[in-house]
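Each chain is listed here by its residues.
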Amino acid sequence: MRGTRLVVVNEHTELSVCSEIVRLIAAGQNVALVSDAGMPLVSDPGAQLVAAVIAADLEVEVVPGPSAVLAALALSGVVADRFCFEGFLPRKGTARDRRIEMLRTEMRTMVLFEAPHRVVRTVGDLADALGGDRYVAICREITKKFEETWRGSLDDAVLHLGQRDPRGEFVLVVAGSEPPAEATDEDVATAVTRALAAGQSRRDAANEVAHALGVSRRRAYDAAVNLGSPRDIADR
């Protein structure tokens, strides 16, 4: 719009422009935060600015716009009554490994963003950690001229992406893991026995087993009591 002033808000400038934007709004000016693609604040800067406006007790309104997250969920064919948004994974190192390991047991549908030069590696890492047969929908250039969605297993996705030069912005929708099978009484007893034999108290053993097997602490503690004292277990 002619005469409209534009202020760049990115990871380098956001904090420095917050006070100026707050001053303009307090003076009665209308300020709109827009993104060149997708929904502002979703893997984009702006959270600090919105927080500053709220802290100044000024009004914040949202005008719904394009959302790659919701669009990809709708295109994926995956049940999306519960999902988590992971955005961009850490690019390397321990932080990346830890995040992917957390996703291995995530039972909700997962939505991730990825850049074209990293998408092959990311899909490969997910296949290694989550299992190559896990379902994924790969959405590219949503709402744009060359929009396309590919659906299949993570292993097949690695092959698919390896046969072309990935271009555009990618959204990955990955099916969540299956709920773990319920532990049997024998499973609980075996795990408790190991914990007690390692020198843990009944209480500590029950807490550890309950967390590891997803059973109630009472169930694990009862198993510990039925097995006898920790000393007896250790002497077996």
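Preceding this section is the structure that the text describes.
Residues numbered from 1 in each chain as written. Predicted model: local features only at pLDDT ≥ 70, side-chain atom pairs only at ≥ 80, totals over all residues. Heavy atoms only, no water.

Brief notes about the packing of aromatic side chains
And step 1. The tally for this structure, following the rule as stated, stands at two aromatic pairs.
And step 2. On the numbers, 5.0 Å between centres and 70 degrees between planes, the contact of Phe 85 with Phe 113 is edge-to-face. Here the residue Phe 85 occupies a position in strand β1 (residues 83-87), and Phe 113 occupies one in strand β2 (residues 109-114), the gap between them amounting to 28 residues.
And step 3. The interplanar angle of 70 degrees and the centroid separation of 5.8 Å between the aromatic rings of Phe 88 and Phe 113 together place this pair among those described as edge-to-face. One end of the pair, Phe 88, is in the loop between β1 and α4 (93-104); the other, Phe 113, is in strand β2, with 25 residues separating them in the sequence. (Phe/Tyr/Trp six-rings, centres within 6.5 Å; stacked < 30°, edge-to-face > 60°. Helix = DSSP H or I, 4+ residues; strand = E, 2+ residues; numbered from the N terminus.)

A short note on the sheet that holds strand β3 (residues 135-140)
The strands making up a sheet are joined through hydrogen bonds of the backbone, oriented either antiparallel or parallel.
And step 1. Taken together, five strands build an open sheet; the order of strands is β1-β2-β5-β3-β4 and the sheet is mixed. The sheet is open, and its two edges are formed by β1 and β4 (148-153), each paired on a single side. Taking each pair of neighbouring strands and ignoring which way they run, the sheet shows an average axis angle of 20 degrees.
And step 2. Where β3 meets strand β5 (residues 170-174), five bridges bridge the pair, whose relative direction is antiparallel. (Pairing = 2+ DSSP bridges. Axes fitted to C-alpha atoms, helices over the stretch in contact; angles between N-to-C directions.)

Looking at the pattern of salt bridges
And step 1. For the structure shown, the criterion picks out 13 salt bridges.
And step 2. The closest approach of N and O atoms between Glu 20 and Arg 5, which form a salt bridge, is 2.4 Å. In this pair, Glu 20 is assigned in helix α1 (residues 14-26) and Arg 5 in the segment before α1, connecting sequence segments 15 residues apart.
And step 3. On the accessibility criterion, Arg 5 (55% relative accessible area) is exposed.
And step 4. The partner of Arg 121 in a salt bridge is Asp 125, and the shortest N-O contact between them spans 3.6 Å. (Salt bridge = Lys/Arg side-chain N within 4 Å of Asp/Glu carboxyl O. Buried < 20%, exposed > 50% of the residue type's maximum accessible area, 1.4 Å probe, protein only.)

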